[in-house]
Each structure stands twice: as structure tokens, then as C-alpha cells.
Amino acid sequence: MRALIFFCLLTSKTCSTLAQFNGYNCDGNFHSRFPAERDVSVYCGVQTITLKINFCPVLYSGYTDADLALNGRHSDAHCRGFINNNTFPTALLFSISLNTLEACDNSLVVTTAYGSNAYGNTSLVQIGNISGYIDTPDPPTIISYLPGLLYKFSCSYPLEYLVNNTQLASWNILMDYCYTTPSGDPNDQLRYDLFFGCNKDPQTTVFENGRSQTGRFAFEVFRFVKHRHQKMSTVFLHCVTKLCRADDCTLLMPMNILMDYCYTTPSGDPNDQLRYDLFFGCNKDPQTTVFENGRSQTGRFAFEVFRFVKHRHQKMSTVFLHCVTKLCRPTTAPC
């Protein structure tokens, strides 16, 4: 995790007056000055970003703690700091939870670079850069004799960490529409719907959908009647998956979905050593077709249904599908 600090003092001509520190832990010999870059510290924590500002130069500049707020949100009490007068010098603290970044208009910008993913494979890795500023309000007058204060901050995290360890922006996975076709063409007119919204096939069970960052469902294996003269009926599964707000799943996330790695296992354990890869990046199984990936808020692919050989003595071979899905900016190419 990396922190970046930038401080800017918007100066104007001020009268040279003696600052009144009003009982705060300040030393007039050291703190009778305007703020400087060294007065702010940024701590990029695992759940919270903490900003610590030397409050004494702020007082000397003619401001109080109520004058400083995150990202210009001066009318919102939740976006202001709180004073810690148990330290020397007195500090003004701001605490930003990674779970509620949007509350005070903090910015999240995602960049992409090559690196190792959670499985040790070389892949496109997303970095989430969280940034914002703390400033003083502009007076409702034409001129001001007080200096304008501006503190900028930035913290960088692997986006995979933010998704796995926080409830970042509270985005959930919504499986909007899942269906099957006898071909790999998602536009095949011959299809059998498993579920669409709240309507589902009686033999399909939806365990989790739109409630967390995981979606799970199961359906009973069947054959298409048109395959009655064939030894094997091939069934392709298609799912339209979206990201939505946890508090309102009708609001979709303004970022694209990138399916980085999809594979199958004979168990529900994504760490099962027995697995069969469908695709990883641009490398894919010959029986797998990727129709849309990284270009919109929908990712679509299909693969030919198969069985695991270890299930040869069982009536039914259960196959679990796992996908490592990432977020990317629509302007990034490749996503």
C-alpha cells in the first residue's frame, strides 16, 4: 500500500498578527507559521485511511477544525475531522473507511499493469488508487485576507485486495439471465431458460444472487430432444452477469467486467487441485467460446458440457464453474 501526500498553500496577503492557540498543545515558538507539507501524514491502513494534520498552523492561519472538510463537503459533519488534543502538537484527524469511500466523494481510479494474480499466473493486475483532498471553504466575499489551505492525499491498493477484504462501494454480483443452447451461439433461437430474474425452471435452484460478491445456482442435467439420434447431447450454458449496488440492484457499476480466469472442478472448492481450465487470458479450451469479455458490463462465454472421469461410477457428474472476475475502466484497451 502506497501513500502520496501533496500540500498546497493558496496564499494571499495577510496581516501579521499573534496567533491565539486557545489551550491547544501548541508552541508559539514553533507553530506561529503557515502550514507546510510536513504537517500532514497519511496512513494507508487495511480497512481505513487515516489523515493526521498538525492543527497548530491551521489555527495560526485563522481557521478552526470546522473549516476543514474532505473534498469540499463543508456542510456535511461526517466529512469533517476530529481533534486529538492528547498529542503534541494537537492533531486534526480524518478517518476514511474503505467500505464507504463514496460518502465524502473520494475518488477511486483503477489502473492496469502486468503482474502476478492470486494463482501465481502472469496477468493484467488492477491497482485501485484512492485519492481526495482536504480544504478550507471560499468566503462569500470578493477578497479574503486568510490563506486558502489545501491538503491532497492518495493511497494505492491492489484492486483484488479491496474487493476481497472490504465491501468496497457495496457492489454485488447479479446473475440476470442464464439459459442453455444446443450450440455455442448465445443467439441460437433454440434455447432453454434456466432463470430470468425471478422466473426460473422448476429443476433449477438459485442459492445466492445479487446479495453478495458471489452467485451460485444449480440445475439438473438434461438433453435437447433434437439430439435424440445422437449418442451425446451437447448443452452450452450462457449467463448474463452484472455488478449492482448492494442497496439497489437496479443500479449497475460504471465499469467493465473482465473474466480473467475461468475453470471447473468436481467439487465446490475453488482451490481443488483437480481442475479443468476453460480459459485464462487469451488461452482457452478448444470447446470453449468467449463471446464478450472486458468490453461492457456483461461477460459471456460458453463451453461444451463434459464429465470428470473420476465420476465414472456415478450416475451424474457434478461440475462446478469458477471465474476470477476483475473490474476495468471502459477506456482501458485491452481491458
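Computed from a prediction, not measured in an experiment: that's the story for all the values here. (Residues numbered from 1 in each chain as written. Predicted model: local features only at pLDDT ≥ 70, side-chain atom pairs only at ≥ 80, totals over all residues. Heavy atoms only, no water.)

## Here we look at the pattern of salt bridges
In step 1: Enumeration according to the criterion identifies 5 salt bridges in this entry.
In step 2: In this structure, Arg-33 and Asp-39 form a salt bridge, with 2.8 Å as the shortest nitrogen-oxygen distance.
In step 3: Of the residues examined, Asp-39 reaches a relative accessible area of 5% and is grouped as buried.
In step 4: One salt bridge in this structure joins Asp-105 and Arg-73, with 3.1 Å as the shortest N-O distance. With Asp-105 in the loop between β6 (91-97) and β7 (107-116) and Arg-73 in the loop between β4 (69-70) and β5 (82-84), the pair connects residues that are 32 residues apart, well separated along the chain.
In step 5: Since its relative accessible area comes to 48%, Asp-105 is described here as partly exposed.
In step 6: With a relative accessible area of 25%, Arg-73 lands in the partly exposed category. (Salt bridge = Lys/Arg side-chain N within 4 Å of Asp/Glu carboxyl O. Buried < 20%, exposed > 50% of the residue type's maximum accessible area, 1.4 Å probe, protein only. Helix = DSSP H or I, 4+ residues; strand = E, 2+ residues; numbered from the N terminus.)

## Considerations on the state of the cysteines
In step 1: Inspection of the entire model under this criterion finds 5 disulfides.
In step 2: Between Cys-26 and Cys-56 runs a disulfide, and the two sulfur atoms are separated by 2.0 Å. Between Cys-26 and Cys-56, the disulfide has an S-S torsion of -85° and is therefore left-handed. One end of the pair, Cys-26, is in the loop between β1 (2-10) and α1 (28-31); the other, Cys-56, is in helix α2 (residues 55-60), with 30 residues separating them in the sequence.
In step 3: Among the residues examined, Cys-26 registers a relative accessible area of 17% and is labelled buried.
In step 4: The partner cysteine of Cys-178 in its disulfide is Cys-239, sulfur to sulfur 2.0 Å. When the S-S torsion is 115°, as for the bridge of Cys-178 with Cys-239, the disulfide is right-handed. (Disulfide = S-S within 2.5 Å.)

## Looking at the environment of Phe-207
In step 1: Along the chain, Phe-207 turns up in strand β13 (residues 204-208).
In step 2: For the pair Phe-207 and Ala-218, spaced 11 residues apart in the sequence, the C-alpha separation amounts to 7.9 Å.
In step 3: Among all residues touching Phe-207, those that are not within four sequence positions of it are Arg-216, Phe-217 and Ala-218. (Contact = heavy atoms within 4.5 Å.)

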